[in-house]
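# Architecture at a glance
As a plain string of letters, each chain reads:
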Amino acid sequence: MLFRSQSDSYVESGLQLGGMYYVIGMYEEAVGVYLSVLERHPDDGRVLYRLADTYRYWGKLDRSETVFKQMIEKDPYNAGLYTELGKLYRNMNRYEDAEIAFLNTLELDPDNDRTYSWGLGYLYTEMKRYDEAEVMFKKALEINPGSEMAYMGLADLYRWL
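Cut-offs and rules
Residues numbered from 1 in each chain as written. Predicted model: local features only at pLDDT ≥ 70, side-chain atom pairs only at ≥ 80, totals over all residues. Heavy atoms only, no water. Helix = DSSP H or I, 4+ residues; strand = E, 2+ residues; numbered from the N terminus. Buried < 20%, exposed > 50% of the residue type's maximum accessible area, 1.4 Å probe, protein only. Contact = heavy atoms within 4.5 Å. Areas by Shrake-Rupley, 256 points an atom, 1.4 Å probe, with all protein chains shown as cover. Lys, Arg positive; Asp, Glu negative; His and termini not counted. Charge placed at Lys NZ, Arg CZ, Asp CG, Glu CD. Expected span 1.5 Å × (residues − 1). Core = buried A, V, L, I, M, F, W, Y, C linked by side-chain atoms within 4.5 Å. Polar contact = N/O pair within 3.5 Å; in protein donor to acceptor, adjacent residues only side chain to side chain.

### Some remarks on the overall build of the protein
The secondary structure content of the protein amounts to nine helices and zero strands. Projected onto its principal axes, the C-alpha coordinates of the protein cover approximately 50 × 30 × 25 Å. Within the span of the protein, comprising 161 residues, buried residues form 46% of the whole. In the protein, 47% of the contacts between residues at least 6 apart in sequence involve partners at least 24 apart. For the protein, the accessible surface area stands at approximately 8900 Å², while carbon and sulfur atoms represent 51% of it. Side-chain charges of the protein comprise 18 positive and 27 negative groups, with the mean position of each set lying 3 Å from the other.

The structure is reproduced here in structure tokens:
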């Protein structure tokens, strides 16, 4: 499991400053802050996540992938990391890799309705695997009958058909 520093003011300040840079689109500066924090706290999951996410929004998708994979290596039972990797792969049009990542999420968290809907449902829609997409959206509703994401996914899917 990734180490989370215990209210270290250096980490907290770095997260705050990096977050401000991120919000205003100064991704290079945000990455610089996160990398300097990681020099002192290399296993802080919050900083690693922010680094990977910043790389993603900066368009440095390969770097984002590298950081997410490092995080998964250190914390292989964290379903959320596989979800983030799946989202990244979908952004990279690496659909088969995205599918594997989302299925890994469900292996660890089988009742994750968002992975069925937002993850696999929309992925299968993009891949034109419409029957499988419909199954995923309906599975999400079975788990969470109030899932707005699943209803929107079905509406989008039926619009395509």
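### Looking at helix α9 (residues 148-160)
Here α9 is 13 residues long and its end C-alpha atoms lie 18 Å apart, about the 18 Å a rise of 1.5 Å per residue gives. Where α9 is buried, its residues touch α7 (113-126) and α8 (130-143).

### Observations concerning the nonpolar core
One finds Val47, Leu51, Val67, Phe68, Leu85 and Leu120 to be the most contacted residues of the largest nonpolar core, which totals 41 residues. For Val67, the contacting residues outside a window of four places in its chain are Leu48, Leu51, Ala52 and Tyr55.

### As for helix α3 (residues 45-58)
The end-to-end C-alpha distance of α3 is 20 Å, a good match for the 20 Å that 14 residues give at a rise of 1.5 Å each. Among the residues of α3, those classed as buried are Gly45, Arg46, Val47, Leu48, Leu51, Ala52, Asp53, Thr54, Tyr55 and Arg56. Of the surrounding elements, those touching the buried residues of α3 are α1 (9-23), α2 (27-40), α4 (61-74) and α5 (79-91). Regarding α3, its N-cap is Asp44, as a side-chain oxygen of that residue lies 3.0 Å from the backbone nitrogen of Arg46 further along. Just past α3, the residue Gly59 takes up positive phi, approximately 90°.

### Details of the environment of Arg40
Relative to the elements of secondary structure, Arg40 occurs in helix α2. Classification of Arg40 by relative accessible area gives exposed; the value is 54%. Expressed as a C-alpha distance, the spacing of Arg40 and Gly146, which sit 106 residues apart in the sequence, is 44 Å.

### Some points on unusual backbone geometry
Of note in the backbone geometry, Asn93 takes a positive phi value of approximately 60° without being a glycine. Along the chain, Asn93 turns up in the loop between α5 and α6 (95-108). Positioned with a positive phi, Lys128 is a non-glycine residue whose angle comes to about 65°. Considering the arrangement of structural elements, one finds Lys128 in the loop between α7 and α8.

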